[in-house]
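Here's the letter readout for the chains.
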Amino acid sequence: PLLRAEQALNKEGVRFLKNLGYDVSGVQSNIGLEQEFFLVPRDAYARRLDLQMTGRTVIGRMAPRGQEMCDHYFAPLNQHALECIKAMQEE
């Protein structure tokens, strides 16, 4: 599904940009790191058998209605997350 979505985005992106007067051969999408991982403190990880056994969250709670995504992207990064991202960028 991701490759088909990427192909569709490329096709329609080129068509759209040509309608705006740009001559492009393709478009490329990028996703932000914030959509790729979650940082879990070691002590919290040690208490979560689902994370230890599967490497992913299999238990949890739905977000309150109306707060599904927006509250995650408008808050400043905490210091631990910022340090982790800087270390990854340096590597």
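Rules behind the numbers
- In every chain, residue numbers begin from 1 and rise along the written sequence.
- Local features are withheld for residues below a pLDDT of 70 in this predicted model, meaning they are given only at 70 or higher, and side-chain atom pairs are given and counted only at 80 or more; totals for whole chains, interfaces and linings count all residues.
- Side-chain calculation: all heavy atoms of the structure are included, whereas hydrogens and water are not.
- Only DSSP runs of H or I reaching four residues or more are called helices, and only runs of E reaching two or more are called strands; each is numbered from the N terminus.
- Relative accessibility decides the category of a residue: with a 1.4 Å probe and only protein chains considered, values under 20% of the type maximum give buried, values over 50% give exposed, and everything between is partly exposed.
- We call two residues in contact whenever any of their non-hydrogen atoms come within 4.5 Å of each other.
- Only the protein chains shown count as cover for residues, and the accessible areas themselves come from Shrake-Rupley with a 1.4 Å probe.
- Salt-bridge detection follows one rule: a side-chain nitrogen of Lys or Arg within 4 Å of a carboxyl oxygen of Asp or Glu.
- Residue count minus one, scaled by 1.5 Å, sets the expected span of a helix.
- Like charges within 9 Å and nonpolar side chains (Val, Leu, Ile, Met, Phe, Trp, Tyr) within 5 Å are joined into patches, using only residues over 30% in relative accessible area that form no salt bridge.
- Contacts described as polar in this section are N or O atom pairs within 3.5 Å, which, within protein, must combine one atom able to donate a hydrogen with one able to accept it, while residues neighboring in sequence count only if both atoms come from side chains.

Colleague: Tell me about the overall build of the protein chain, and please be specific about residues and values.
Modeller: Helices and strands together make up the secondary structure of the protein chain, namely five helices and zero strands. When the helices and strands of the protein chain are placed in sequence order, the string is α-α-α-α-α. Per-residue burial for the protein chain yields a buried fraction of 8% across its 91 residues. Contacts spanning at least 24 positions in sequence make up 23% of the contacts within the protein chain whose residues lie at least 6 apart. Entry remark: accessible area of the protein chain is about 8800 Å², with carbon and sulfur atoms responsible for 57%.

Colleague: Any details on the pattern of salt bridges? Residues and values, ideally.
Modeller: Counted by the stated rule, this structure contains three salt bridges. Measuring nitrogen to oxygen at the nearest pair gives 2.8 Å for the salt bridge that ties Arg 15 to Glu 12. In this pair, Arg 15 and Glu 12 are both assigned in helix α1 (residues 2-19), three residues apart and thus about one turn of the helix distant. The exposure class assigned to Glu 12 is partly exposed, which follows from its relative accessible area of 36%. Where Asp 50 meets Arg 48, a salt bridge forms, and the shortest distance between an N and an O atom there is 2.8 Å. Arg 48 sits in the partly exposed class, given a relative accessible area of 26%.

Colleague: Describe α1, listing the residues and the values that go with them.
Modeller: Over its 18 residues, α1 extends 25 Å from the first C-alpha to the last, a length consistent with the 26 Å expected when each residue adds 1.5 Å. Looking one or two residues past α1, Gly 21 carries a phi angle of roughly 100°, positive in sign.

Colleague: So what about a nonpolar patch on the surface? Which residues, and what values?
Modeller: A grouping of Phe 16, Leu 20 and Tyr 22 is seen on the molecular surface, where their side chains present a nonpolar patch of about 360 Å² in accessible area. Along the polypeptide, Leu 20 turns up in the loop between α1 and α2 (42-46).

Colleague: Please set out helix α5 (residues 79-90) residue by residue, giving values where relevant.
Modeller: With 12 residues, α5 extends 17 Å from end C-alpha to end C-alpha; this agrees with the ideal 16 Å at 1.5 Å per step. The backbone nitrogen of His 80 has a side-chain oxygen 3.1 Å away, supplied by the residue at the start of α5, namely Asn 78.

Colleague: Describe the side chain of Asp 50, with residues and values.
Modeller: Positionally, Asp 50 belongs in helix α3 (residues 49-54). Relative accessible area serves as the criterion here: at 8%, Asp 50 is assigned to the buried category. One polar contact links Asp 50 to Arg 48, side chain to side chain, over a distance of 2.8 Å.

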